[in-house]
Amino acid sequence: MDKLIITAALTGAEVTREQQPNLPLTPEEISEAAYECYKAGASIVHVHARDTEGKPTQAFSVYKEIKERIADKCNIIFQPSTGGAVWHTAEERMQPIELAPEMATLSTGTTNFGPDVFMNTEEYILKFAKRMKELGVKPEIECFERGMIHTAINLAKKEIINTPIHFDFVLGVPGACPGEVRDLLHMIESIPSGSTWTVAGIGRHEMPLAAVAITLGGHVRVGFEDNVYYSKGVLAQSNAQLVEKVVRIAKELGREIATPDEARTILGLK
Ligand code: KMH
Ligand code: ZN
């Protein structure tokens, strides 16, 4: 079994300081949180930028500053979001791809997202995927529903994305696929052999699905984007505290933790 890749999803676009007082918002805070997560055992950092008022932004300049600040501190894999917030245009969302990061997210379908709709038309998907391929950016396929796996497989058949595909199953978003263990198993059974996968369980689903992924040879995403609690009713003190919890569970279950360079090898980034 490969070593465990832990992704830290630090900020997201939806979470507020009212919900999580320690949410990192500025480039300085986000890069410091990334460094803490790296020291705790994370090998990928999934980044959403915020503007000076703390609102989600997809501005190239803000992502550039975050990328550079993180690179000054450590070699964690920088994975910007192309999802942004539900109200961002496709053009706004695409901006961080121009930094030619090693990875970026790519959602391969539209889904209800709480009271909103997270829009990913075929036109968006093709535009994002083609630009990523031109710049050598490995997509992490964000799957909120099983159909999104199928769309990614079709993109690979048309050589619009490379194989092996790396999937992230985002499970438990209100309005999208629930986050029960059977939902994760259904997703895993639906991907081509040779693919890699990680799971981002939303809210209370975060740690139970992490434990399943650790056991089955998948990888794990945790962080305030997905869940702000350490345990029931108790807010986490930091993103790193959630990474540390996953590391402890993995060690108890006998799964070793990947360094960023080991994660690069597992994901074919080098
Ligand atoms: N904020 C969500 C609407 C991604 O980062 O690629 C979309 C999202 C997915 O978070
Ligand atoms: Zn995200």
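As the structure is a prediction and not an experimental result, all values here were calculated from the model. Residue positions are given per chain, counting from 1 as you read along its sequence in written order. Each chain gets a letter, beginning with A, and each ligand a number, beginning with 1, in the order they are written. Where totals are concerned, whole chains, interfaces and linings use all residues; where local detail is concerned, this predicted model gives features only for residues with pLDDT of at least 70, and gives and counts side-chain atom pairs only at 80 or more. Hydrogens and waters are ignored; side-chain quantities use all the structure's heavy atoms.

We now examine the site of ligand 1. Summary of the distance rule: residues count as near a molecule or strand when at least one heavy atom falls within 4 Å of that molecule or strand. Of all residues adjacent to ligand 1, which total 13 residues, the nearest are Glu-14, Ser-81, Gly-84, Thr-105 and Glu-225. Counting of polar contacts relies on pairs of N or O atoms within 3.5 Å, with two restrictions inside protein: one atom must be capable of donating a hydrogen and the other of accepting it, and residues adjacent in sequence are counted only when both atoms are side-chain atoms. Here a nitrogen atom of ligand 1 sits 2.8 Å away from a polar atom, N or O, in the side chain of Glu-14. Here Gly-83 contributes a backbone N or O atom positioned 3.3 Å from an oxygen atom of ligand 1. Protein chains bury 98% of the 300 Å² of accessible surface belonging to ligand 1 in isolation. Residues of the shell around ligand 1, tallied by class, amount to four nonpolar, six polar and three charged. Per-residue accessibility takes into account occlusion by the displayed protein chains alone, with areas from the Shrake-Rupley method and a 1.4 Å probe. Classification used: nonpolar for Ala, Val, Leu, Ile, Met, Phe, Trp, Tyr, Cys and Pro, charged for Asp, Glu, Lys and Arg, polar for all others including Gly.

Turning our eyes to something else, we now look at the pairing of strand β9 (residues 138-143). Of all six residues making up β9, six are buried, and the element is well covered by its neighbours. By the alternation rule, side chains of β9 split into Lys-138, Glu-140 and Glu-142 and Pro-139, Ile-141 and Cys-143, which are all buried. In this sheet, β9 lies alongside strand β6 (residues 103-107) in parallel orientation, the contact comprising five bridges. When the bridges of β9 are listed, Ala-104 appears paired with Pro-139. Viewed with both strands pointing away, a crossover whose connecting path from the first strand over the helix to the second turns clockwise is right-handed. The secondary structure listing takes helices from DSSP runs of H or I that are at least 4 residues long and strands from runs of E that are at least 2 residues long, numbered from the N terminus. Each parallel crossover has a hand, and the one from β9 via helix α5 (residues 147-157) to strand β10 (residues 166-171) is right-handed. For the exposure calls, accessible area comes from a 1.4 Å probe over protein chains only, and a residue counts as buried if that area is under 20% of its type's maximum, exposed if over 50%, partly exposed in between. Pairs of strands are assigned from DSSP output, requiring at least two bridges between the strands.

Let us look at the coordination of the zinc ion (ligand 2). Metal donors: N, O and S atoms at distances within 2.8 Å, or within 3.2 Å for Na, K and Ca, with water omitted from the atom set so that some sites may seem incomplete. Only His-46 (NE2), His-48 (NE2) and Glu-225 (OE) from the protein reach the zinc ion (ligand 2) as donors, at distances of 2.1 Å. In the primary structure, the donors to the zinc ion (ligand 2) are separated according to the pattern H-x1-H-x176-E. Here the residue His-48 occupies a position in the loop between β2 (44-47) and β3 (49-50), and Glu-225 occupies one in the loop between β12 (219-222) and β13 (229-231), the gap between them amounting to 177 residues. The buried category is assigned to His-48, whose relative accessible area is 6%.

The next point concerns the nonpolar core. Within this scheme, the nonpolar core is defined by two criteria: the residues are buried Ala, Val, Leu, Ile, Met, Phe, Trp, Tyr or Cys, and they are joined through side-chain atoms within 4.5 Å. In terms of nonpolar packing, the biggest core is built from 79 residues, with Ile-6, Ile-70, Ile-161, Phe-167, Phe-169 and Val-243 touching the most fellow members. Within the second largest apolar cluster, eight residues are counted, among which are Ile-5, Ala-263, Ile-266 and Leu-267.

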